[in-house]
Amino acid sequence: MAEILILGGGIAGISAAGHATKAGREAVIFEAAERWGGLLDNFTVGGFRFDRAVHFAFSNNEPFQKVLDGIDCHIHYPEPYNYENGRWLKHPVQNNLFPLPADEKVEAILSFMDRPSMDENANYREWLEQQFGTVIAERYPCRYTEKYWTVPPEKMSTDWIGNRLYRPSLEEVLYGAMTDETPSTYYLPRMLYPKKGGFRAILEKLARGLDIRTGKRAVHIDTQKKYVDFEEGSREYYDLLVSSVPLPELIGMMDGVPQAVQEAAAGLWATSIALVSLGFRSPGAGQHLWFYIYDRDIFPSRAHAPYRKSPDNAPPDCSSLQFETYFSRFKPLPLEGEALVEHVIDTVEKLGLAEKKDIVDRDYRVLPYGNVVFDRDMVERRDYVLKHVGECGILSVGRFGEWDYLWSDQCFLSGRRVLEHLAVL
Ligand SMILES: Cc1cc2nc3c(=O)[nH]c(=O)nc-3n(C[C@H](O)[C@H](O)[C@H](O)COP(=O)(O)OP(=O)(O)OC[C@H]3O[C@@H](n4cnc5c(N)ncnc54)[C@H](O)[C@@H]3O)c2cc1C
C-alpha cells in the first residue's frame, strides 16, 4: 500500500514525490526502466557521456531556479547554427540570410515584404508564410517541420509555438542579409548545464532520499478498487495515483474507458527519436554547440556537441557529437541501426565536422517518446482524455502525462501539482 503511488521516475514523477514527501506524505515511485531518470537520464559509451538528446536548463520559474542554485553549472550563451546545402547560417535563418547569393536574398526579402496578412485560424504552414513570406517559410521551417515533426506543416496547429519562433522586423531581415554581425535574437538569453554528471545531475539532487523502485512497469489500473498491477505480477494499492506515463498508454491500462475517450486517446501521437552518438579521440569535433540541418537527403534534423556542454562529458583531448533523427507512425525511419550510424558518419565528413578515422566509440538507440505532435484539433482531443483521467481520480503529470510541449522545468512544476490534491487524502 502506498499513500501516494507515482508512475514514472522522470522529473515530473520525482518532483511529485519530492513535494509530497516534503509535505509529510508517503510517496513511492514505480519506474518501468531499470534506471530512473526518463528523458533526463544519460548513458556512457567508452569514456563518453551522452544525454538523451540535447538538454540545457533555462527557466524563469522560481521554484526550479532554486533547484539549480545549488548545482555548479557552465553558462552558455546560445549561438546555434543552421546547415543547408553546404552553407552555415546563423540562427534564426529568417534574419540571418547573409551567406546566401544576392539573387536568393532579394527573392526572400521581396517575399517577406509581400507576406500574406495574419489569419487567426491559420494552420502552421499558413502561419509560417504569414510571418516570414513564402520563400523563407518553404525553404527553411516548412522543410524542417517535415524532418522534426514528421508531418507537413499544414497538418499542424499553432498551439505550441509560444515564443519559440522569432518574428523579425523588416529592418532585422535587411540587416541580417547584408552583414553577419547581427545581434543574437535567440529566444533564450542564456542556458545552464551542470559541470559534472551530465543533465541528470539536476535530477540526482531532486531524487535524494526518495523511495524509487525500478523495473516496475504498470500494466493495469483499477481506479475503483484503487490498485495498480505491474508486469512482473505484483499489485500495489494507493490512496492517490499520480501518473507520468504517456496518456494514450495510461488509457490502455484503465478499465471501463468509454469508447469515445479511447478513440480520442488513439488519435494522440508523438514523434520518436533515433539517437546516434559518436566519440572522437581528437578534440574539437563540430564547430558549434548545436545546429539544425535542413537538407532532405541528410536524415538527422539536429545535432549537438556534448563535450561543449561540459568537458566532463568526454575524456581529455577528446570530443563528441550526437545526432537526432525523428520518426513517427506517419514517417518511418529511413535507415535503422548500423545503417543510420554509417549515414551519420558520412554526414560528419560531408559537413566537415570531424574525421571518420578519429571515431573511437559509437552508439545507436531509440527514444520512443520525443515530442507530442500538435496536429489540428489535438488540444481538444487531449483535453477530453485528460478530463476522463481526472474524473477517475488520477493526476496525470509531465510532458507525456499532460501531453504538452513541456520543458523539464515545466515538468517539475507539473509534478508539484500533487500538492493541490493532498487535501483529499
Ligand atoms: C529532444 C529533446 C530535447 C529536449 N531538450 C530540453 C532542454 O534542453 N531543456 C529542458 O528543460 N527540457 C528539454 N526537453 C524536455 C524534457 O526532456 C522533458 O520535458 C522531461 O524530461 C519530461 O519529464 P517527464 O518526467 O514528464 O517524462 P519522462 O522523462 O519521459 O519520464 C516518464 C517516465 O515514466 C516511465 N514509464 C513509462 N511508462 C511506464 C509504466 N507503464 N510504468 C512505470 N513507469 C513508466 C518512463 O520509463 C519514464 O522514465 C527535451 C526533450 C526532448 C525530447
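The rules behind the values
Residues numbered from 1 in each chain as written. Predicted model: local features only at pLDDT ≥ 70, side-chain atom pairs only at ≥ 80, totals over all residues. Heavy atoms only, no water. Helix = DSSP H or I, 4+ residues; strand = E, 2+ residues; numbered from the N terminus. Buried < 20%, exposed > 50% of the residue type's maximum accessible area, 1.4 Å probe, protein only. Contact = heavy atoms within 4.5 Å. Areas by Shrake-Rupley, 256 points an atom, 1.4 Å probe, with all protein chains shown as cover. Lys, Arg positive; Asp, Glu negative; His and termini not counted. Charge placed at Lys NZ, Arg CZ, Asp CG, Glu CD. Expected span 1.5 Å × (residues − 1). Disulfide = S-S within 2.5 Å. Domains from an automatic or database assignment. Buried area = accessible area lost by both parts, 1.4 Å probe. Polar contact = N/O pair within 3.5 Å; in protein donor to acceptor, adjacent residues only side chain to side chain.

### Here's the deal with the overall build of the chain
Point 1. Counting secondary structure elements, the chain contains 14 helices and 18 strands.
Point 2. Seen through its principal axes, the chain has C-alpha atoms that stretch 70 × 55 × 40 Å.
Point 3. Expressed as a percentage of the 425 residues in the chain, the buried residues total 59%.
Point 4. Once local pairs closer than 6 in sequence are excluded, the contacts in the chain between residues at least 24 apart make up 73%.
Point 5. Approximately 18200 Å² of the chain is accessible, and the part contributed by carbon and sulfur atoms is 49%.
Point 6. Taken together, the 48 basic and 61 acidic charged side chains of the chain have centroids lying 3 Å from each other.

### Examining helix α1 (residues 11–22)
Point 1. If you check α1, its first and last C-alpha atoms are 16 Å apart, about what 12 residues at 1.5 Å a residue would give, namely 16 Å.
Point 2. Counting buried residues along α1, 10 of its 12 residues qualify, which places the element largely inside the surrounding structure.
Point 3. All of the buried residues along α1 are Ile 11, Ala 12, Gly 13, Ile 14, Ser 15, Ala 16, Ala 17, Gly 18, His 19 and Ala 20.
Point 4. Just downstream of α1 lies Gly 24, where phi reads positive at about 90°.

### A few points about the state of the cysteines
Point 1. Here the structure, examined in full by the defined rule, presents 0 disulfides.
Point 2. Here Cys 411 is not cross-linked by a disulfide; its sulfur's nearest cysteine counterpart is in Cys 73, at 18 Å.
Point 3. You can call Cys 411 buried: its relative accessible area is 6%.

### So, the domain arrangement of the chain
Point 1. Assigned domains of the chain: these are domain 1 (2–43 + 200–268 + 373–424), domain 2 (103–172) and domain 3 (272–367).
Point 2. Computed from C-alpha coordinates alone, the two centres of domain 1 and domain 3 are separated by 31 Å.
Point 3. Counting from both sides, the interface comprises 4 residues of domain 1 and, opposite them, 7 residues of domain 3.
Point 4. Overall, the association of domain 1 and domain 3 removes approximately 340 Å² of surface from exposure, summing both partners, and the carbon and sulfur fraction of that is 62%.
Point 5. Taken together, the connections running from domain 1 to domain 3 amount to 1 residue pair in polar contact (both at pLDDT 80 or more).

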